[in-house]
Amino acid sequence: EQCGSYTFIPYMVSPQGKVFASDATLMRGIKDFLHTSFKIESLLTPLVDRLVKLLESVHIHSSEYLHEAIRREIRLAREHFTGQALSQELGRIQKRLDSVELLSPDIVMSLLLSYRDIP
C-alpha cells in the first residue's frame, strides 16, 4: 500500500519474537492462530526479506528514471541545437554518463546518431 509517497509495510511480531511482513487482510485472519502453537512462519514473509526487495526496487526505479532523463535531454538537444552548439550540448550530456549503469544501448545509439547528424 502507498501512504502518499511512502510505502506502508504492515508487520507483526510472532509469539516466538520473529517479525513478519504481512498485509492487513491476512493479519486479521491470523490473529486467532497467534495464541496457539500453530507455526505461522510458513505463511508469512520475514520483514527483512520484504525490506530487501523494497530497497532493491528503489535502485531499479531510480536507475530507470536517470535513463529516461538522459534520453529526454538528448531529444531536447537535437530539437533545440544545431552545429557546434549541438556538439557542445551532447558533450555536456556525455560527461554526465560517468556511471556504467547509465550506459545503455539506446543512449549510446542516440548519442552516436546525434553526433553523426552534426553538419
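The name an unreviewed UniProt entry gives the protein chain is MAP3K TRAFs-binding domain-containing protein, with Cirrhinus mrigala as the organism.

Visitor: Looking at this model, I keep getting lost on the environment of Leu97. Mind explaining?
Guide: Positionally, Leu97 belongs in the loop between helix H3 (83-95) and helix H4 (105-116). By relative accessible area, which is 11% here, Leu97 ends up buried. Measuring from C-alpha to C-alpha, the distance between Leu97 and Ile70 comes to 8.6 Å, with 27 residues separating the pair along the chain. If sequence neighbours within four positions are ignored, Leu97 has contacts with Ile70, Leu102, Leu103, Ile107 and Leu111.

Visitor: Honestly, H3 in this entry has me stumped. Any pointers?
Guide: Because an α-helix completes one turn every 3.6 residues, residues spaced three or four positions apart along the sequence face the same direction. The terminal C-alpha atoms of H3, which comprises 13 residues, lie 19 Å apart, in line with the 18 Å expected from a rise of 1.5 Å per residue. Listed in full, the buried residues belonging to H3 are Gly83, Leu86, Glu89, Leu90 and Ile93. Seen from one end, H3 has its buried residues packed into an arc of 115 degrees, which puts them on one side. Along H3, exposed side chains directed more than 90 degrees from the buried face belong to Gln84, Gln88 and Lys95.

Visitor: So what exactly am I meant to see when it comes to the sheet that holds strand S4 (residues 19-21) here?
Guide: Sheet strands line up and pair through hydrogen bonds in the backbone, either parallel or antiparallel. Reading across from one edge, S3-S4-S5 is the order of the 3 strands in this open sheet, with antiparallel pairing throughout. A single partner strand is all that each edge strand has here, and the edge strands are strand S3 (11-13) and strand S5 (45-46). For S4 and S5, the ladder comprises 2 bridges, and the chain directions are antiparallel. Bridge assignment links Phe20 to a residue of S5, and that residue is Pro46.

Visitor: How do you make sense of the side chain of Glu89 when you look at a structure like this?
Guide: As for its placement among the helices and strands, Glu89 is situated in helix H3. Taking relative accessible area as the criterion, Glu89 reaches 17% and is therefore assigned buried. Residue contacts for Glu89: discarding those within four places in its chain leaves Ala77 and Phe81.

Visitor: I would appreciate a short explanation of a nonpolar patch on the surface in the present structure.
Guide: Where nonpolar side chains cluster on the molecular surface, the patch consists of Leu103, Val108, Met109, Leu112 and Leu113 and spans about 430 Å² of accessible area. Secondary-structure assignment places Leu103 in the loop between H3 and H4.

Visitor: Mind showing me how you'd approach the nonpolar core here?
Guide: Nonpolar side chains in soluble globular proteins tend to end up buried together. Ile70, Ile74, Ala77, Leu86, Leu90, Ile93, Leu97, Leu102, Ile107 and Leu111 form the largest nonpolar core, which has 10 residues in total. At the level of secondary structure, the elements contributing two or more residues to this core comprise helix H2 (47-80), H3 and H4. Discounting chain neighbours no more than four positions away, the residues touching Ala77 are Leu86, Glu89, Leu90 and Ile93.

Visitor: Is there a simple way to think about the pattern of salt bridges in this case?
Guide: Should their charged atoms come close, side chains of opposite charge can pair. Going through the model one piece at a time under the given rule, you end up with 8 salt bridges. A salt bridge links Arg96 to Glu73; the shortest N-O distance between them is 2.2 Å. On the criterion of sequence distance, the pair formed by Arg96 in the loop between H3 and H4 and Glu73 in helix H2 is long-range, its members being 23 residues apart.

What counts and how
- Residues numbered from 1 in each chain as written.
- Predicted model: local features only at pLDDT ≥ 70, side-chain atom pairs only at ≥ 80, totals over all residues.
- Heavy atoms only, no water.
- Helix = DSSP H or I, 4+ residues; strand = E, 2+ residues; numbered from the N terminus.
- Buried < 20%, exposed > 50% of the residue type's maximum accessible area, 1.4 Å probe, protein only.
- Contact = heavy atoms within 4.5 Å.
- Expected span 1.5 Å × (residues − 1).
- Arc of directions from axis to C-beta.
- Pairing = 2+ DSSP bridges.
- Patch = residues over 30% accessible without salt bridge, like charges linked within 9 Å, V, L, I, M, F, W, Y side chains within 5 Å.
- Areas by Shrake-Rupley, 256 points an atom, 1.4 Å probe, with all protein chains shown as cover.
- Salt bridge = Lys/Arg side-chain N within 4 Å of Asp/Glu carboxyl O.
- Core = buried A, V, L, I, M, F, W, Y, C linked by side-chain atoms within 4.5 Å.

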